[in-house]
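Each chain, written out:
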Amino acid sequence: MRVIVVGAGVVGTMHAWHAIERGHEVVHIEREAEARGASVRNFGLVWVSGRAGGEELDTALRARELWEAIGERVPGLGFRANGSLTVLTDPAELAVAEAAAARPDAAARGYALLTAEETRAANPALRGSAVLGALHCERDAAVEPRVAQRALKDKLLESGRYTFLGGREVREITGERAVRDDHGDVHTADAVVLCTGAWLGGLVKELAPDLPVRRVRLQMMQTDPLGEALTTSVADADSFRYYPAYAGGALDAMAAARQQPPAAAEHRAQLLMVQRADGGLTIGDTHEYDAPFDFDVVEDPYEHLAGVVEGLLGRPLPTVRRRWAGVYAQCTDTARVVHRQRVRDGVWLVTGPGGRGMTCSPAIAERTANELGW
Ligand SMILES: Cc1cc2nc3c(=O)[nH]c(=O)nc-3n(C[C@H](O)[C@H](O)[C@H](O)COP(=O)(O)OP(=O)(O)OC[C@H]3O[C@@H](n4cnc5c(N)ncnc54)[C@H](O)[C@@H]3O)c2cc1C
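All values derive from a computational prediction rather than experimental measurement.

### Topic: empty space enclosed by the protein
Right, so step 1: The full count for this structure, using the stated rule, is one cavity of 30 Å³ or more.
Right, so step 2: By volume, the largest cavity is sized at about 30 Å³.
Right, so step 3: Surrounding the largest cavity, Val40, Arg41, Asn42, Pro145, Arg146, Gln222, Arg276, Thr282 and Trp324 form its lining.
Right, so step 4: Put simply, the parts of the chain that give the lining of the largest cavity at least two residues each are helix H2 (38-41) and helix H7 (145-157).
Right, so step 5: When grouped by side-chain class, the residues that make up the lining of the largest cavity number three nonpolar, three polar and three charged.
Right, so step 6: Here the lining of the largest cavity gathers at least three residues from each of two domains, domain 1 (1-81 + 144-212 + 336-374) and domain 2 (84-138 + 213-331).

Following this line, the structure appears as structure tokens:
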């Protein structure tokens, strides 16, 4: 069987991965020379901790297994089972963590509540005096997003059944299971999967005009090396606001008990932080939902996040070297893990995994492969 995958982000690359694993031939078409969308701009967090119970958690846990197995075969993607600490600084935050740790699925996530001392033992870089404790999630992990797709691509090329066509935009579905690119070339296959991320106009709009998917823009930054290990990924308690696992009375009480600083509230900021292979810190993020999005990055949320990090580390932030923004596609029904739609005979669109796309993509692609009978 011959499969065409359009889009070389993590969703497309994982579809190519499963097709090659099952013995098929893949033609992978990407508009840019290499992936350039959300997949190379994200934290690289394989983030199980905040997932809604049920399908979302099951998908994330399955994906976590697949990432680990793939990481063993592709060391270049930088998989590490580093876990995460969501750091708690007051009793209202502690109550949200306690409610999470009492969930029936807490063991599956590897949740544990840590005291301040245990938090510092788990991650000695967290020297800030405000640290009261943390919610540990043992299942959380990380990869290196800027290189992961290319590392996977190099492995796929070894199969001899994988062709990567960069610098070609797919413009048209020309008939059954055939696409035309902007060089005028037509590519035919037994199945076509469009993994075009947050590019919802043009081709995608023609094929699926009423797509139940929206775009979300985030701001990010990266520092110089920290000079010591950040042994786990780190989140602040504002992150509880953005993940369904924490919804409930304790979170409502936390939100009522304390006002967020204006910059955090206005830009819907939460702290997520992970150490890169070079020792630098990737720090974010913000959430902007209303298009047209700003074309510039703004300083206020960065200042807020830098202050939060300095409070947790008990030291100044290393120099910030890079700031950028990224956009992901998210199902408007945020309980849906992904939007998978047959848009023509033999042509499928897979988009909208939202802020969990890096985490869930191996399992999302596995499900497509199973459903299409690859
Ligand atoms: C700042 C940021 C941080 C995030 N952090 C995390 C995280 O830590 N963990 C997590 O789980 N998720 C995270 N996410 C979400 C995650 O990054 C996305 O859900 C995921 O990367 C989406 O992958 P994708 O392959 O669908 O899209 P993309 O990575 O955007 O890839 C789509 C690709 O398709 C190509 N393309 C589009 N149209 C065409 C066409 N017509 N022809 C050819 N090629 C085309 C594009 O050039 C692009 O390379 C984050 C997102 C952002 C923006």
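### With respect to the packing of helix H1 (residues 10-21) against helix H12 (residues 357-371)
Right, so step 1: Orientation of H1 relative to H12, taken along the N-to-C sense of each, is 40°, at an axis distance of 8 Å. As judged from the angle between their axes, H1 and H12 are oblique. In terms of crossing hand, the pair formed by H1 and H12 is right-handed. Packed against H1, whose contacting residues are Val10, Val11, Met14, His15 and His18, the element H12 presents Gly357, Met358, Ser361, Pro362, Ile364, Ala365, Glu366, Thr368 and Ala369 at the interface.

### Some remarks on helix H11 (residues 299-313)
Right, so step 1: Here H11 contains 15 residues, and its C-alpha end-to-end distance of 21 Å stays within 8% of the 21 Å for a straight helix at 1.5 Å per residue.
Right, so step 2: Taken residue by residue, H11 has Pro301, Tyr302, His304, Leu305, Ala306, Val308, Val309, Leu312 and Leu313 as its buried positions.
Right, so step 3: A positive phi of about 65° marks Gly314, the residue just after H11.

### Looking at the side chain of Arg340
Right, so step 1: One can find Arg340 in strand S18 (residues 339-344).
Right, so step 2: Despite its burial, Arg340 pairs with no opposite charge; the closest candidate is Glu371, at 4.3 Å N-O.
Right, so step 3: Of the polar contacts made by the side chain of Arg340, one reaches the side chain of Thr368; its length is 2.9 Å.
Right, so step 4: Once you skip the residues sitting within four places of it in the chain, Arg340 turns out to touch Trp348, Leu349, Val350, Ile364, Arg367, Thr368 and Glu371.

### Points about the domain arrangement of the protein
Right, so step 1: Each assigned domain of the protein is listed with its residue range as follows: domain 1 (1-81 + 144-212 + 336-374) and domain 2 (84-138 + 213-331).
Right, so step 2: On a C-alpha basis, the centroid separation for the pair domain 1 and domain 2 is 28 Å.
Right, so step 3: The interface is formed by 33 residues belonging to domain 1 together with 37 residues belonging to domain 2.
Right, so step 4: In this assembly, domain 1 packs against domain 2 so that about 2,700 Å² is buried in total across both faces, 60% of it on carbon and sulfur atoms.
Right, so step 5: At the junction of domain 1 with domain 2, the criterion picks out one salt bridge.
Right, so step 6: Here Arg276 ties to Glu144 by a salt bridge, and the two come within 3.0 Å at their closest N and O atoms.
Right, so step 7: At the level of elements, H2, helix H3 (55-73) and H7 are the ones that each hand at least two residues to the side of domain 1 that touches domain 2.
Right, so step 8: With four residues, H3 is the single largest residue contributor to the side of domain 1 that touches domain 2.
Right, so step 9: Looking at the side of domain 1 that touches domain 2 residue by residue, the class counts come to 15 nonpolar, 10 polar and eight charged.

### Some remarks on the sheet that holds strand S6 (residues 133-137)
Right, so step 1: As summarised here, the arrangement of the eight strands in space is S5-S6-S4-S14-S15-S16-S13-S17, forming an open sheet in which the pairing is mixed. Of all strands in the sheet, those bounded by a partner on one side alone are strand S5 (111-115) and strand S17 (320-331). Pairwise comparison of adjacent strand axes, ignoring direction, gives a mean angle of 25° for this sheet.
Right, so step 2: Both strand S4 (residues 84-88) and strand S14 (residues 233-236) contribute to a ladder of four bridges, which runs parallel. Directly across from Ser84, in S14, lies its bridge partner Ser233.
Right, so step 3: Contacts between H11 and the sheet are confined to S4, strand S13 (213-223), S14, strand S15 (272-275), strand S16 (281-284) and S17, with S13 contributing the most and set at about 55° to the helix.

### Some words on the site of the ligand
Right, so step 1: Close contacts around the ligand come from 39 residues, with Glu30, Ser39, Leu45, Gly354 and Thr359 the closest.
Right, so step 2: Leu45 places a polar main-chain atom, nitrogen or oxygen, 2.8 Å from a nitrogen atom of the ligand.
Right, so step 3: Measuring from a nitrogen atom of the ligand, one finds a backbone N or O atom of Val170 at 2.9 Å.
Right, so step 4: Expressed as a share of its isolated accessible area of 1,000 Å², the protein-covered part of the ligand is 97%.
Right, so step 5: Mapped onto the shell around the ligand, the elements with two or more residues apiece are H1, H2, S13, S17 and H12.
Right, so step 6: Tallied by class, the residues present in the shell around the ligand amount to 18 nonpolar, 13 polar and eight charged.

### What about the environment of Gln270?
Right, so step 1: By the element assignment, Gln270 lies in the loop between helix H10 (262-266) and S15.
Right, so step 2: For the pair formed by Gln270 and Val327, sequence separation is 57 residues and the distance between their alpha carbons is 16 Å.
Right, so step 3: Discounting residues that sit within four places of it in the chain, Gln270 has contacts with Asp236, Asp238, Ser239, Tyr242, Tyr243, Gly284, Asp285, His287 and Leu305.

Definitions and cut-offs
- Residues numbered from 1 in each chain as written.
- Predicted model: local features only at pLDDT ≥ 70, side-chain atom pairs only at ≥ 80, totals over all residues.
- Heavy atoms only, no water.
- 1 Å grid on protein atoms, 1.4 Å probe; cavity = no way out; pocket = protein on both sides within 12 Å on 5 of 7 lines; lining within 4 Å.
- Points joined across faces, edges and corners; volume = space filled by probe spheres on them.
- Helix = DSSP H or I, 4+ residues; strand = E, 2+ residues; numbered from the N terminus.
- Nonpolar A, V, L, I, M, F, W, Y, C, P; charged D, E, K, R; others polar.
- Domains from an automatic or database assignment.
- Axes fitted to C-alpha atoms, helices over the stretch in contact; angles between N-to-C directions.
- Parallel < 35°, antiparallel > 145°, perpendicular 65-115°, else oblique.
- Left-handed = near helix turned anticlockwise from the far one by under 90°.
- Contact = heavy atoms within 4.5 Å.
- Expected span 1.5 Å × (residues − 1).
- Buried < 20%, exposed > 50% of the residue type's maximum accessible area, 1.4 Å probe, protein only.
- Lys, Arg positive; Asp, Glu negative; His and termini not counted.
- Salt bridge = Lys/Arg side-chain N within 4 Å of Asp/Glu carboxyl O.
- Polar contact = N/O pair within 3.5 Å; in protein donor to acceptor, adjacent residues only side chain to side chain.
- Buried area = accessible area lost by both parts, 1.4 Å probe.
- Pairing = 2+ DSSP bridges.
- Near = heavy atom within 4 Å.
- Areas by Shrake-Rupley, 256 points an atom, 1.4 Å probe, with all protein chains shown as cover.

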